[in-house]
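# Notes for the structure review
For reference, the chains in residue letters:
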Amino acid sequence: MSPRAGCTVLLAAFALSLTGCDSSLDVPHLALTKSFSRALQDCMEYLQVPGYRYAEYASNNYPDDPETKCLLRCVGLNLRWWNDTSGVQTAVMERFFQPDPADAEFENRTAECLEKALPTGSDSNDCCCSAYESFRCYLQYYGNLIPCALFYPEDDSRHIRAAQDCIQYLQIPEKLLKSYSTGSFPDAPETRCLLRCFFLRTGVFHVDTGFDVERLYSRDFENPDERYLSPETQTKLHELRGSVGEQCTEVYVAYRDVLGELGRPFFEYNVLEKAAKRALGVVCEEEPVTTTTVCPSISDFNYKELNCQNCGRLLISPTGRCSALQVRHDGYGPCDRSAYDRGEKVENTGLLTVCDDEHEHGSTTGGDADDGGDG
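Residues numbered from 1 in each chain as written. Predicted model: local features only at pLDDT ≥ 70, side-chain atom pairs only at ≥ 80, totals over all residues. Heavy atoms only, no water.

As stated in UniProt under Sequence similarities (unreviewed entry), the record for the chain gives "Belongs to the PBP/GOBP family." Per UniProt, the comment on the chain under Subcellular location (unreviewed entry) is "Secreted". (UniProt positions renumbered as here; feature names shortened; annotations may be inferred.)

Let us look at the side chain of R215. In this structure, R215 sits in helix α11 (residues 213-219). From its side chain, R215 meets the backbone oxygen of G203 in a polar contact 2.8 Å long. (Helix = DSSP H or I, 4+ residues; strand = E, 2+ residues; numbered from the N terminus. Polar contact = N/O pair within 3.5 Å; in protein donor to acceptor, adjacent residues only side chain to side chain.)

This paragraph deals with the packing of helix α8 (residues 156-170) against helix α14 (residues 267-279). Relative orientation of the contacting elements α8 and α14 amounts to 65 degrees, with a least axis distance of 8 Å. Considering how the two elements wind past one another, α8 and α14 form a crossing that is right-handed. Two secondary-structure elements touch here, α8 through D156, H159, I160, A163, Q164 and I167 and α14 through F267, V271, L272, K274, A275, A276, R278 and A279. Looking at the contact of α8 with α14 residue by residue, the classes come out as nine nonpolar, two polar and three charged. (Axes fitted to C-alpha atoms, helices over the stretch in contact; angles between N-to-C directions. Left-handed = near helix turned anticlockwise from the far one by under 90°. Contact = heavy atoms within 4.5 Å. Nonpolar A, V, L, I, M, F, W, Y, C, P; charged D, E, K, R; others polar.)

For the structure shown, the criterion picks out 17 aromatic pairs. The interplanar angle of 85 degrees and the centroid separation of 4.8 Å between the aromatic rings of F106 and Y142 together place this pair among those described as edge-to-face. On the criterion of sequence distance, the pair formed by F106 in helix α6 (residues 106-117) and Y142 in helix α7 (residues 127-142) is long-range, its members being 36 residues apart. Assigned by exposure class, F106 and Y142 land together as buried. Through a chain of ring-to-ring contacts, the aromatic side chains of F36, Y57, Y62, W81, F97, F106, F135, Y138 and Y142 assemble into a single cluster. (Phe/Tyr/Trp six-rings, centres within 6.5 Å; stacked < 30°, edge-to-face > 60°. Buried < 20%, exposed > 50% of the residue type's maximum accessible area, 1.4 Å probe, protein only.)

Let's shift gears to unusual backbone geometry. Residue R80 is not a glycine yet carries a positive backbone phi of 75 degrees. Mapping R80 onto the fold places it in the loop between α4 (66-79) and β2 (82-83).

Printed below as a string of structure tokens:
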């Protein structure tokens, strides 16, 4: 950070302190950061976990109980390191742990732990259990939890909102918007500065230091691309810094020649195309969703008493959705392996049918697990 920029930040913080405002809440642009502990507190509130348990979790003690399992799933969803369909998002998860510099095997041990806890082809689809086991592998073998707030990857809807903001701020001409809306991006000064504004607003570019490749890597966590972090990419971006004399052009050239094909290739152009259509008032019809790959909603029930089975296999009908969930009446799922470890047969299971349509909610229980095989 330059001395001038540093003075600006200090003056802004001082001005806020005089008004009694909390300067830590005054974040630049639309970029968000969040710590593990903050996400943990969020989810304790969402799931109504008793506050006294925070001290237990803060000491890195996460017991094998239903409440803790679903709490960690919530934290993973909150911080974007967990997905009920694809599992751990490594590009995000890894950033919350600091490996020991002397440990050369942390990645291998973590991978081995994940393979044992979540074997390929396993029939266990308990989302809370899978998130819990994944987190424990990283906590035990990858490194120490980082207490700092880290960059928070956004979903595409917020990226489009950021692009719309920049279109308004920069007063992009309608002629160019029409071109963008068809997927054509002429090399014009407005296009170059629009890209710069978008990268700034989403927190992956800084006026004083340029592109933040670690944030770009985390942002594209669904398509993690190690090339973002390669020395070659760093060298190319460093050579461009200040070499073209004007920052909009610098950003445009870096995007065109270095970053555009990484991660999700030319993702920014796709976002700008959608934002341009919205700015022009074009309504985009999305294809109707016929299936979902997330855990069934259990909002009508106590999540502590249910086990989210058949995750990713829930069918949605035109009028609503129905699913068959096999649950343990004692509230424990496959993560509670004590019975299995003792060689005991796990009994006391039932079939819970959850139907959620446009007008009413209902549930029935009964029968044994085998009766739901074709449900």
